[in-house]
Amino acid sequence: MIAIVDYDAGNIKSVEKALTFIGEEPVVTREADVILRADHVIVPGVGAFEDAMGRMNAYGLPEVLQDVAGKGTPILGICLGLQLFFTGSEESEHNVPGLGLLPGRIVRFPETEGYKIPHMGWNSIHINPESRLFKGIPENSYVYFVHSYYLKADCKEDVAAVTEYIVDVHAAAEHENIFATQFHPEKSGETGLQILRNFAAL
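Throughout this description, residue numbers start from 1 for each chain and increase along the sequence as written. Confidence filtering applies because this is a predicted model: local features only for residues at pLDDT of at least 70, side-chain atom pairs given and counted only at 80 or more, and all residues used for totals across whole chains, interfaces and linings. No hydrogens and no water enter the side-chain calculation; it runs on all heavy atoms of the structure.

A.B. asks: Explain the overall build of the protein residue by residue, including any values.
C.D. replies: Each helix and strand counted, the protein has 6 helices and 13 strands in total. Expected size for 202 residues packed as a compact globule is a radius of gyration near 17 Å; at 15 Å, the protein falls within 12% of this value. Once the C-alpha set of the protein is aligned to its principal axes, its extents read approximately 50 × 40 × 30 Å. Accessibility here uses a 1.4 Å probe with only protein chains present; expressed as a share of the type maximum, an area under 20% marks a residue as buried, one over 50% as exposed, and anything in between as partly exposed. Among the 202 residues that make up the protein, the fraction classed as buried is 53%. The helix count covers DSSP runs of H or I at least four residues long, the strand count covers runs of E at least two residues long, and both are numbered beginning at the N terminus. The globule rule used here is 2.2 Å times the number of residues to the 0.38 power, and the radius of gyration it is set against is calculated over C-alpha atoms.

A.B. asks: Break down helix α4 (residues 61-70) for me, with residues and values.
C.D. replies: Listed in full, the buried residues belonging to α4 are L61, P62, V64, L65, V68 and A69. Projected down its long axis, α4 shows its buried positions confined to an angular sector of 165 degrees, all on one face. Of the surrounding elements, those touching the buried residues of α4 are β1 (2-5), α2 (32-37), β3 (40-43), α3 (49-58), β4 (75-78) and β13 (178-181). One or two residues past the end of α4 sits G72, with phi positive at roughly 95 degrees. Taken from the helix axis, the directions to the C-beta atoms give the arc we talk about. Residue contacts follow a heavy-atom distance rule, with two residues in contact if any of their heavy atoms lie within 4.5 Å.

A.B. asks: Can you tell me about the packing of aromatic side chains, naming the residues and giving the values?
C.D. replies: In this scheme Phe, Tyr and Trp rings, the latter by its six-membered ring, pair at centre separations within 6.5 Å, and the angle between planes marks the pair as stacked below 30 degrees, edge-to-face above 60, and tilted otherwise. Enumeration according to the criterion identifies 7 aromatic pairs in this entry. Ring geometry for F179 versus F199: centroids 6.0 Å apart, planes at 75 degrees, classification edge-to-face. Placement of the pair is F179 in strand β13 and F199 in helix α6 (residues 189-201), with a sequence separation of 20 residues. The residues F179 and F199 share a single accessibility class, namely buried.

A.B. asks: Can you tell me about the pairing of β4, naming the residues and giving the values?
C.D. replies: Residues I75 and G77 line one face of β4 and the alternating positions L76 and I78 line the opposite face, and both faces are buried. The pairing of β4 with β13 spans 4 bridges and is classified as parallel. For G77, the partnering residue across the bridge sits in β13 and is A180. A pair of strands counts as paired when DSSP detects no fewer than two bridges linking them.

A.B. asks: Describe in detail the nonpolar core, supporting the description with residues and values.
C.D. replies: Residues belong to a common nonpolar core when they are buried Ala, Val, Leu, Ile, Met, Phe, Trp, Tyr or Cys residues joined through side-chain atoms within 4.5 Å. Core analysis: the largest hydrophobic core is formed by 34 residues, its most contacted members being Y7, V41 and I75. Looking at this core element by element, the count peaks at 5 residues for α4. Leaving out residues up to four positions away in the same chain, I75 has contacts with V41, V43, L65, V68, A69, F85, L101, N177, I178, F179 and F199.

A.B. asks: Give me the lowdown on α3, citing residues and values where you can.
C.D. replies: Taken together, the buried positions of α3 are occupied by F49, A52, M53 and M56. Looking straight down α3, one finds its buried side chains confined to an arc of 95 degrees; they lie on one side. Of the surrounding elements, those touching the buried residues of α3 are β3, α4, α5 (80-84) and β5 (88-89). Downstream of α3 by one or two residues, G60 has phi in the positive range, about 70 degrees.

A.B. asks: Explain the side chain of T163 residue by residue, including any values.
C.D. replies: Looking at the secondary structure, you find T163 in strand β11 (residues 159-165). Here a polar contact is recorded for every N or O atom pair within 3.5 Å, except that within protein the pair must consist of a potential hydrogen donor and a potential acceptor, and residues adjacent in sequence are included only if both atoms are side-chain atoms. Side-chain polar atoms of T163 contact the side chain of N123, separated by 3.4 Å. Ignoring anything within four residues of it in the chain, the contact list for T163 reads N123, S124, I125, F145, D168, V169 and A171.

A.B. asks: Talk me through the packing of α3 against α4; I want residue IDs and the actual numbers.
C.D. replies: Geometry of a packed helix pair, given as the angle between the helix axes and the separation of the axes. Here, axes are lines fitted to C-alpha atoms. For helices the fit covers the stretch in contact, and angles between N-to-C directions go from 0 to 180 degrees. Axis separation between α3 and α4 bottoms out at 6 Å; the angle between their running directions is 85 degrees. Classified by the angle between their axes, α3 and α4 sit roughly perpendicular to one another. The segment α3 lies against α4, with M53, M56 and N57 engaging L61, P62 and L65. Each residue is assigned to one of three groups, with Ala, Val, Leu, Ile, Met, Phe, Trp, Tyr, Cys and Pro labelled nonpolar, Asp, Glu, Lys and Arg labelled charged, and all others, Gly among them, labelled polar. The class makeup of the residues in the contact of α3 with α4 is 5 nonpolar, 1 polar and no charged. Roughly parallel refers to an angle under 35 degrees, roughly antiparallel to one over 145, roughly perpendicular to one between 65 and 115, and oblique to any angle outside these ranges.

Next up, the structure:
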């Protein structure tokens, strides 16, 4: 069973629909016992880092997700979900900590002439050939992004894919059972569906 974590951060329906399309039977929940029983856990999300962590804390989810990661269950963060997996974000005015599942910070794109923020649209990715999440995905495949902040992972070994937009962007992370994508696999056509299949097969 794949649990999709509902913490009122949006983007759940499209993730649920994509998983159903590839033959999975996802369960949308914020119940701790259901999340802890799941074979796989997905944390989607769009919006602001600090608001999202506030809702996570209100629902008692940080400890649950840290337990999920700690016991080896495959867990995937998508977009804002990726950002929440890390230590903290420049977007947070009060330096609210993230889940701390992996070391790294979320920083804002620098204002640069000729580039729009948020970064919105299709970009090609350069893939770490060792990545399990991207197994069978061709180099330079295109995926769909919408974000104003991006990941700077502390450990280069955790970077599963990169893209370029103003700067080099850590577009995906992977460490043991912890996976995360800044882009939206559920909105990235067949490439995104294959990424979700790969995750569900872990």
